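Observations on chain architecture
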Amino acid sequence: MKFSKNTKICKIDDISLDYAKNLILNNELVAFPTETVYGLGAIATSDDAVLKIFNAKGRPQDNPLIVHVHSDYDVSTLVYEDKDYIKKLKDAFLPGPLTMVYKSKGKVSKLVSCGLDTVAIRVPSSKSAQAFLKAVNVPVAAPSANVSKHTSPVTAEHVFNDLNGKLELILDGGKCSGGIESTVIDVTGNEPVILRSGLVTYDMIKSVVGKCRYSKNTSTEKVKSPGVKYSHYLPKCETALFKRNEVEKAISLYNNAVETGKTPYFMADDGMCEFLKGYNLLKLGKTGEEIASNLYYKLLEGEKIADLIIAFDVVTGTDIDVGIMNRLEKACKRC
Ligand code: TXA
Ligand code: MG
């Protein structure tokens, strides 16, 4: 496959949006910011374009992609919106970090859904994402814009570091505010089923629809969201994850690392960091929202300056902890 030599990074304005539109309509790849993480976008109706996403990322070909549309796009042209609770969810959470998996009408490339009869649709809320999606005015397939298995990108520079030369353009909209990927729910059944946790939480969905459950993902239940079976979010350095009451064990690992000439960093919320004052620290923040927003950013900062990131479980007591811990458990090795 032919890749361009150097990927351009452009601030978002009329000129760069026009350029992005031309690239997308010519089956090329464009990365764009959303309120969660950066996406690696291609026109969703073209096999050629969608295949480029899988190649650029090195993504397994059985892990389906999310289709992104702007807020005025008529989603009913792509999918069957036949459950009553769907309208309630749309009114409450869209545009925003909630992706819904519907029965497909088969209008997008088969490669998007990897052979499933469903398709995931997302209407992002960030101004930059909306500007891009309105400019192109076609459905855009987009996974997170990182090399497969690596930590998801929340700045244009993160995208560049992973994918330079493998796409034409990165639209730079600054740091993503949400910081972890959208919540993915299956809306083909009688109740919404959470396939991937995120900023739109179980409690939020339940309070709007009245019912909701987590996917069991047991070996007896067919894996409904194939992405969950792969490794994800791994930084390029060693990692260790401890429970909050295992500080002594964690400090001893830290000290051993120093003795063998390594540079360890602790990664934890502000409260825990206060307790660890004097050690190398990657501070995640205080509230669940803040911690989610900083998680990938700090992992990617950490992989540059640390040989070993020693993280602690995040317990803010809010529902967002589920999404944060889902990422942290995959990014770091449980000790
Ligand atoms: O916030 C986000 O969702 C970001 C931004 C760019 O929008 N995108 C993102 O895409 O996280 P990706 O490809 O990294 O994750 C997509 C997830 C995977 O777990 C995949 O298995 C699931 O969505 N998914 C996509 N289509 C599906 C389908 N038809 N059925 C079940 N799960 C699906
Ligand atoms: Mg991803």
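This part takes up the pattern of salt bridges. Inspection of every chain in the model, using the stated rule, returns 18 salt bridges. Among the salt bridges present, the one from Lys103 reaches Asp117, with a minimum N-O distance of 3.6 Å. One end of the pair, Lys103, is in strand 6 (residues 98-104); the other, Asp117, is in the loop between helix 4 (110-113) and strand 7 (118-122), with 14 residues separating them in the sequence. Judged by its relative accessible area of 36%, Lys103 falls in the partly exposed class. Ionic pairing is found between Lys277 and Glu274, a salt bridge with its closest N-O pair at 3.1 Å. A network of salt bridges, in which partner residues are shared, links Lys243, Asp313, Glu329 and Arg334.

Here we take up the site of ligand 1. Neighbouring ligand 1 are 28 residues, the closest being Thr36, Arg59, His68, Arg122 and Ser182. A distance of 2.9 Å separates an oxygen atom of ligand 1 from a polar atom in the side chain of Asn63. When isolated, ligand 1 has an accessible area of 680 Å², and the protein chains bury 97% of it. Mapped onto the shell around ligand 1, the elements with two or more residues apiece are strand 4 (66-68), strand 7 and strand 11 (193-196). When residues in the shell around ligand 1 are grouped by element, the largest group, four residues, is from strand 7. Taken together, the residues of the shell around ligand 1 break down into 14 nonpolar, nine polar and five charged.

By domain assignment, the protein chain separates into domain 1 (8-214) and domain 2 (238-331). Spacing between the C-alpha centres of domain 1 and domain 2 amounts to 29 Å. Each side of the interface is counted separately: domain 1 has 25 residues, and domain 2 has 16 residues. For the pair domain 1 and domain 2, the summed buried surface comes to about 1600 Å²; carbon and sulfur atoms form 59% of the total. When the buried surface of domain 1 facing domain 2 is broken down by residue, Thr151, Lys175 and Ile180 rank first, second and third, together holding 30% of it. Between Glu181 and Arg327 there is a salt bridge whose closest N-O contact spans 3.0 Å. Put simply, domain 1 and domain 2 have eleven residue pairs in polar contact (both at pLDDT 80 or more) between them.

The next thing to look at is unusual backbone geometry. Glycine aside, a negative phi is what most residues show, and trans is what most peptide bonds show. The omega angle of the peptide bond from Leu94 to Pro95 is -5°, so this bond is cis rather than trans. Secondary-structure assignment places Pro95 in the loop between helix 3 (85-93) and strand 6. Positioned with a positive phi, Asn27 is a non-glycine residue whose angle comes to about 65°. Its place among the elements puts Asn27 in the loop between helix 1 (14-25) and strand 2 (30-32). When its relative accessible area of 22% is taken as the criterion, Asn27 is described as partly exposed.

At a minimum axis distance of 9 Å, the contact between helix 10 (residues 288-305) and helix 11 (residues 320-331) shows a crossing angle of 15°. One way to sum up the angle between helix 10 and helix 11 is to call them roughly parallel. Taken as a pair, helix 10 and helix 11 cross one another with a handedness that is left-handed. Contacts between helix 10 and helix 11 involve Gly288, Glu289, Ile291, Ala292, Leu295, Tyr296 and Leu299 from the first element and Ile320, Ile324, Arg327, Leu328 and Ala331 from the second. Broken down by class, the residue content of the contact of helix 10 with helix 11 amounts to nine nonpolar, one polar and two charged.

Within the structure shown, the criterion is met by one cavity of 30 Å³ or more. What the largest cavity holds in volume is close to 50 Å³. Taken together, Ile194, Ser197, Gly198, Val200, Thr201, Tyr202, Tyr214, Asp319, Val322 and Gly323 make up the full set of residues lining the largest cavity. Grouping the amino acids of the lining of the largest cavity by side-chain chemistry returns five nonpolar, four polar and one charged. Here the lining of the largest cavity spans two domains, and each of domain 1 (8-214) and domain 2 (238-331) adds at least three residues to it.

Rules and cut-offs
Residues numbered from 1 in each chain as written. Chains lettered and ligands numbered in written order. Predicted model: local features only at pLDDT ≥ 70, side-chain atom pairs only at ≥ 80, totals over all residues. Heavy atoms only, no water. Salt bridge = Lys/Arg side-chain N within 4 Å of Asp/Glu carboxyl O. Helix = DSSP H or I, 4+ residues; strand = E, 2+ residues; numbered from the N terminus. Buried < 20%, exposed > 50% of the residue type's maximum accessible area, 1.4 Å probe, protein only. Near = heavy atom within 4 Å. Polar contact = N/O pair within 3.5 Å; in protein donor to acceptor, adjacent residues only side chain to side chain. Areas by Shrake-Rupley, 256 points an atom, 1.4 Å probe, with all protein chains shown as cover. Nonpolar A, V, L, I, M, F, W, Y, C, P; charged D, E, K, R; others polar. Domains from an automatic or database assignment. Contact = heavy atoms within 4.5 Å. Buried area = accessible area lost by both parts, 1.4 Å probe. Axes fitted to C-alpha atoms, helices over the stretch in contact; angles between N-to-C directions. Parallel < 35°, antiparallel > 145°, perpendicular 65-115°, else oblique. Left-handed = near helix turned anticlockwise from the far one by under 90°. 1 Å grid on protein atoms, 1.4 Å probe; cavity = no way out; pocket = protein on both sides within 12 Å on 5 of 7 lines; lining within 4 Å. Points joined across faces, edges and corners; volume = space filled by probe spheres on them.

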